[in-house]
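# Architecture at a glance
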Amino acid sequence: MRVRLLDLDGSLPTQPILAAALDEGWGQRVDMRAQADDLRLWARPGAMNVARQALQSAGDPPGHGAGVNFLGSGDFHHLAVPLIDAAGEPITVLHFDNHPAWVRFAPEYHCGSWVNRVLAMAHVRQVITIGPCSDDLSWPQFKGGNLAALADGHLQLYPW
């Protein structure tokens, strides 16, 4: 397994199992703390481009096989967009969250809208969201929910 820590808030490298991954050489830490304020909760396209460049510069994490990326705080969900975009091969995204993250806030990237960006990628076959229990699911048509993706099966939603 390949492990990558996007260190935006200092919380990840202090966790014993993740610290061991770094110490033992089967994990990679990408220091993005200097960018955290520009990326927290939502980001303009320029800030996302800087984040994309940081990820590209870091290269792939060590090891073989499947990769897992840890982002720390939920304030940075939208950083999944460049990570998924970099996959470049057909994938299904499994998303665990209290919110569906399917609203439209263009042109910014937002922790509540990143799923729509991912759904627009040609190589993303499907997004499966598990766990929403927020009021986002009440009258979603009035809150910008992507009901078209839900209707055509590109998005599956399994509420709590």
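That block above? That's the structure.
These figures come from a predicted structure and were not determined experimentally. (Residues numbered from 1 in each chain as written. Predicted model: local features only at pLDDT ≥ 70, side-chain atom pairs only at ≥ 80, totals over all residues. Heavy atoms only, no water.)

## Observations concerning the overall build of the protein
- A tally of regular secondary structure across the protein gives six helices and eight strands.
- Listed by position from the N terminus, the elements making up the protein come as β-α-β-α-β-α-β-α-β-β-α-β-α-β.
- In terms of overall size, the protein behaves like a compact globule, its C-alpha atoms giving a radius of gyration of 16 Å where 160 residues would be expected to give roughly 15 Å.
- Summarising its shape, the C-alpha atoms of the protein cover approximately 45 × 30 × 30 Å along the three principal directions. (Helix = DSSP H or I, 4+ residues; strand = E, 2+ residues; numbered from the N terminus. Rg over C-alpha atoms; globule rule 2.2 N^0.38 Å.)

## Observations regarding the sheet that holds strand S2 (residues 27-31)
- Pairing is parallel across the open sheet formed by three strands, whose spatial order is S2-S1-S4. This sheet does not close on itself; its edge strands, each paired only once, are S2 and strand S4 (67-70). Taking the axes of each pair of neighbouring strands and ignoring which way they run, one obtains an average angle of 20° across the sheet.
- Packed on one face of the sheet, helix H1 (residues 16-23) meets strand S1 (2-7), S2 and S4 and runs near 100° to S2. (Pairing = 2+ DSSP bridges. Axes fitted to C-alpha atoms, helices over the stretch in contact; angles between N-to-C directions. Contact = heavy atoms within 4.5 Å.)

## Comments concerning the packing of helix H3 (residues 45-58) against helix H4 (residues 80-87)
- Where H3 meets H4, the closest approach of the two axes is 10 Å, and the angle between their N-to-C directions is 50°. Compared by their axis directions, H3 and H4 come out oblique. Note on packing geometry: the crossing formed by H3 with H4 is right-handed. Residues Met 48, Arg 52 and Leu 55 of H3 lie in contact with H4, whose contacting residues are Val 81, Pro 82, Leu 83 and Asp 85.
- Among the residues making up the contact of H3 with H4, the classes are represented as five nonpolar, no polar and two charged. (Parallel < 35°, antiparallel > 145°, perpendicular 65-115°, else oblique. Left-handed = near helix turned anticlockwise from the far one by under 90°. Nonpolar A, V, L, I, M, F, W, Y, C, P; charged D, E, K, R; others polar.)

## Thoughts on the nonpolar core
- With 33 residues, the main nonpolar core has Leu 6, Leu 39, Leu 79, Trp 114 and Val 118 as its most contacted residues.
- For this core, the secondary-structure elements that each account for two or more residues are helix H2 (36-39), H3, H4, helix H5 (114-119), strand S7 (124-130) and strand S8 (155-158). (Core = buried A, V, L, I, M, F, W, Y, C linked by side-chain atoms within 4.5 Å. Buried < 20%, exposed > 50% of the residue type's maximum accessible area, 1.4 Å probe, protein only.)

## What about the pairing of S2?
- Sheet analysis places S1 next to S2, joined by five bridges and oriented parallel. Looking across to S2, one finds that Asp 7 is bridged to Asp 31.

## Concerning the packing of aromatic side chains
- All told, the structure shown has zero aromatic pairs when counted by the stated rule.
- Sitting above the plane of the Tyr 109 ring, Arg 117 keeps its charged end 3.8 Å from the centroid. (Phe/Tyr/Trp six-rings, centres within 6.5 Å; stacked < 30°, edge-to-face > 60°. Lys NZ or Arg CZ within 6 Å of the ring centre and 35° of its normal.)

## Things to note about H1
- Within H1, burial applies to Leu 18, Ala 19 and Ala 21. Projected down its long axis, H1 carries its buried residues within an arc of 155°, all on one side. Those residues of H1 that are exposed and angled more than 90 degrees off the buried face are Pro 16, Ile 17 and Asp 23.
- Check the buried side of H1 and you find it contacts S1, S2 and S4.
- Positive phi appears at Gly 25, one or two residues downstream of H1, with a value of about 80°. (Arc of directions from axis to C-beta.)

## Re the sheet that holds S8
- Spatially, S5-S7-S8 is the arrangement adopted by the three strands of the open sheet, whose pairing is parallel. Each of the sheet's edge strands pairs with one partner strand only, and the pair in question is strand S5 (91-96) and S8. On average, each strand axis in the sheet is inclined to that of its neighbour by 15°, with strand direction left out of account.

## Notes on the pairing of S1
- The element S1 is extensively covered by neighbouring structure, given that five of its six residues are classed as buried.
- The pairing of S1 with S4 spans four bridges and is parallel. Opposite Arg 4, over in S4, you have Asn 69 as the bridge partner.
- Between S1 and its parallel partner S2, the chain crosses via H1, and the hand of that crossover is right-handed. (Right-handed = clockwise from strand over helix to strand, strands pointing away.)

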